[in-house]
Amino acid sequence: MRNLILLLSLLFTLTQARGQSKELQAGPMVGYVDMLEAMLWVQTVGPAEVQIQYRELGTDGEYLLTAPVETQHHTAYTAKLLADRVQPGRTYDYDVLVDGKVLELPYPTSFRTQSIWAWRTAPPDFKVALGSCVYINEPEFDRPGAGYGSEYEIFGAINAQRPDLMLWLGDNTYLRETDWWTRTGILHRHTHTRSTAEMQPLLAHTPNYAIWDDHDYGPNNSDRSWINKEIAKEAFDLFWANPGSGLPGQGGITTMFRYNDVDVFLLDNRYFRTPNDQKVGERTILGETQLEWIIESLIFSNAKFKLVCIGGQVLNSVERFENYINLAPEERAYLLRRIDQEDIKNVIFLSGDRHHSELSALELPGGNMVYDMTASSLTSGTGNNRDEVNTNRVEGTLVVQHNFGLLEFSGPWEERQLKLKICDATGKVLWEHSIMAQ
């Protein structure tokens with residue numbers, strides 16, 4: 001009887017996740033969005049030809065079509081579909097076509113392209129949602145006992161905020177012992193997580209960008225020695241639609257993009273890192289090439305705010321777990337020293353991993369402030385970190401319950417402001433903090 005109940009529950013969840021469409025396993029998802037193109041992602045149940053038809057909201061002209069893609073078993077029946085006949089600053093409705101049939105979905109499917117604003121108007125006001133640590137229970141493969149994942153309704157709360165984009169800050173799925181050692185297992189875990197019913201409306205109309213941390217890369221605390229890291233990267237690239245993946249010739253998933261007046265850097269804190277327990281030799285989290293790239297990119301950036309997304313905490317002062325100061329203190333000191341020496345202003349690290357949220361702030365010797373906003377966790381178990389004495393924590397910002405973050409950018413260029421918020425699983429604001437651009 002228990003197995004029958006589990007089977008019926010699984011079938012119900014998959015039906016809901018597919019938007020009551022037997023053709024779709026997961027999605028559609030909006031990936032990166034720029035001024036003249038947008039990337040859409042879908043996953044079908046089996047082999048099929050998929051396309052996206054789209055047209056500007058409020059018009060009744062002919063639909064534009066993406067090039068068709070054949071989904072295949074080898075790529076987990078995923079497809080990326082490029083909408084490359086769009087114009088800046090416009091909203092487009094779209095439909096998914098599977099084998100020529102338009103699918104009816106019970107939630108809105110749309111995307112908005114970025115606006116042309118420089119030298120014309122003030123930068124647009126916009127909102128960014130962020131979070132990390134997504135554990136979706138699968139009882140037959142989970143550890144015995146109560147499920148580690150809960151409060152999946154948090155995705156509906158994020159969607160209700162109508163963010164302009166969503167940043168997934170790592171541990172976006174939790175690979176398990178059934179998954180680590182095979183390509184089949186890794187693709188299964190990504191499919192299982194992405195099929196979560198409550199997630200689908202958010203994916204369908206919000207641009208989504210992602211980094212990884214240890215659990216969507218390999219086993220707990222994985223490093224550059226992980227034997228299946230290339231399979232992990234392949235899976236990451238199949239299931240996310242970032243504008244790039246990896247620095248030229250380097251591997252990993254590092255990339256960046258601009259959204260309005262903000263530059264967003266997506267760092268890889270796993271592919272190049274030395275083992276946590278290494279006792280001899282230099283220790284690194286980013287690796288020399290990526291470290292120098294982020295410093296030079298921050299120097300080059302003329303964005304008002306510079307968001308640096310990284311799986312683990314950068315500014316937490318406590319030497320424990322996978323905090324930067326604990327694993328690679330010399331590298332961390334070098335990174336902060338170079339930011340100070342180059343007089344780089346308005347750097348905000350965005351991190352996850354810790355199963356609690358907080359805002360850390362540090363004044364550099366030259367007078368510039370740097371911040372680290374940690375948003376964790378979305379649905380996985382929350383930590384027992386209430387007694388951790390992070391001397392850089394902004395008072396009143398520690399949260400040890402399921403939560404997500406919001407970044408709200410507003411104001412003219414000369415008085416640009418960033419408001420940071422942490423919200424609980426229902427969307428209630430737990431704290432907020434404002435930063436004026438320097």
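Please read these numbers as outputs of a predicted model, since none were measured by experiment.

**Digging into the side chain of Arg338**
Tracing the backbone shows Arg338 in helix H8 (residues 329–341). Judged by its relative accessible area of 16%, Arg338 falls in the buried class.

**As for the packing of helix H6 (residues 288–300) against H8**
Interhelical geometry of H6 versus H8 gives an angle of 15° and a closest axis separation of 10 Å. Here H8 runs roughly parallel to H6, going by the angle between their axes. At the point where H6 passes H8, the crossing takes the right-handed sense. Residues Leu291, Glu292, Ile294, Ile295, Leu298 and Ile299 of H6 touch H8, and the partners they reach there are Glu331, Tyr334, Leu335, Arg338 and Ile339. In terms of residue class, the contact of H6 with H8 is built from 8 nonpolar, no polar and 3 charged.

**Structural notes on the pairing of strand E7 (residues 91–98)**
The side chains of a regular strand alternate, residue by residue, between the two faces of the sheet. As paired strands, strand E3 (residues 48–56) and E7 are joined by 7 bridges and run antiparallel to one another. Along E7, the bridge assignment pairs Val50 with Val98. Where E7 and strand E8 (residues 101–102) come together, 2 bridges link them in antiparallel fashion. Paired with Leu97 across the two strands is Val102, which belongs to E8. The hairpin turn running from E7 into E8, its antiparallel successor, is 2 residues long, and Asp99 in that turn takes a positive phi close to 50°.

**Points about unusual backbone geometry**
Here the residue pair Gly27 and Pro28 is connected by a cis peptide bond, since its omega of 5° sits within 30 degrees of zero. For Pro28, the location among the structural elements is in strand E1 (residues 24–33). Cis geometry marks the peptide bond from Ser376 to Ser377; its omega dihedral reads 0°. Mapped onto the elements of the fold, Ser377 is located in the loop between strand E18 (369–374) and strand E19 (403–410). Its identity as a non-glycine residue notwithstanding, Tyr77 has a phi of 60°, on the positive side. Note on placement: Tyr77 falls in the loop between strand E5 (69–71) and strand E6 (78–83).

**Comments concerning H6**
For an α-helix, the turn length of 3.6 residues means that residues three or four places apart are oriented alike. With 13 residues, H6 should cover 18 Å at 1.5 Å per step; its first-to-last C-alpha distance of 18 Å lies within 8% of that length. Regarding H6, the residues found buried are Gln290, Leu291, Trp293, Ile294, Ile295, Ser297 and Leu298. Residues of H6 that are buried make contact with strand E13 (255–259), strand E14 (262–266), strand E15 (305–309), H8 and strand E16 (347–351).

**Some thoughts on the packing of helix H3 (residues 183–194) against helix H5 (residues 229–239)**
Viewed as axis vectors pointing N to C, H3 and H5 meet at an angle of 30°, and their least axial separation amounts to 10 Å. One element, H3, and the other, H5, form an angle in the roughly parallel class. With respect to the hand of their crossing, H3 and H5 are arranged in right-handed fashion. Touching Arg183, Ile186, Leu187, His190, Thr191 and Arg194 of H3 are Ile231, Glu234, Ala235, Leu238 and Phe239, all from H5. Among the residues forming the contact of H3 with H5, the class breakdown is 6 nonpolar, 2 polar and 3 charged.

**Some remarks on the packing of aromatic side chains**
In total, this model carries 21 aromatic pairs according to the counting rule given. When the ring of Tyr54 is compared with that of Tyr92, the centres are 6.2 Å apart and the planes differ by 75°; the resulting orientation is edge-to-face. Placement of the pair is Tyr54 in strand E3 and Tyr92 in strand E7, with a sequence separation of 38 residues. Of the residues examined, Tyr54 reaches a relative accessible area of 0% and is grouped as buried. For Tyr92, a relative accessible area of 4% gives the class buried. A cation sits over an aromatic face here: Arg176 above Tyr135, 4.0 Å from the ring centre. In this structure, Lys304 packs its charged tip against the face of Trp413, placed 4.2 Å from the ring centre.

What counts and how
- Residues numbered from 1 in each chain as written.
- Predicted model: local features only at pLDDT ≥ 70, side-chain atom pairs only at ≥ 80, totals over all residues.
- Heavy atoms only, no water.
- Helix = DSSP H or I, 4+ residues; strand = E, 2+ residues; numbered from the N terminus.
- Buried < 20%, exposed > 50% of the residue type's maximum accessible area, 1.4 Å probe, protein only.
- Axes fitted to C-alpha atoms, helices over the stretch in contact; angles between N-to-C directions.
- Parallel < 35°, antiparallel > 145°, perpendicular 65-115°, else oblique.
- Left-handed = near helix turned anticlockwise from the far one by under 90°.
- Contact = heavy atoms within 4.5 Å.
- Nonpolar A, V, L, I, M, F, W, Y, C, P; charged D, E, K, R; others polar.
- Pairing = 2+ DSSP bridges.
- Expected span 1.5 Å × (residues − 1).
- Phe/Tyr/Trp six-rings, centres within 6.5 Å; stacked < 30°, edge-to-face > 60°.
- Lys NZ or Arg CZ within 6 Å of the ring centre and 35° of its normal.

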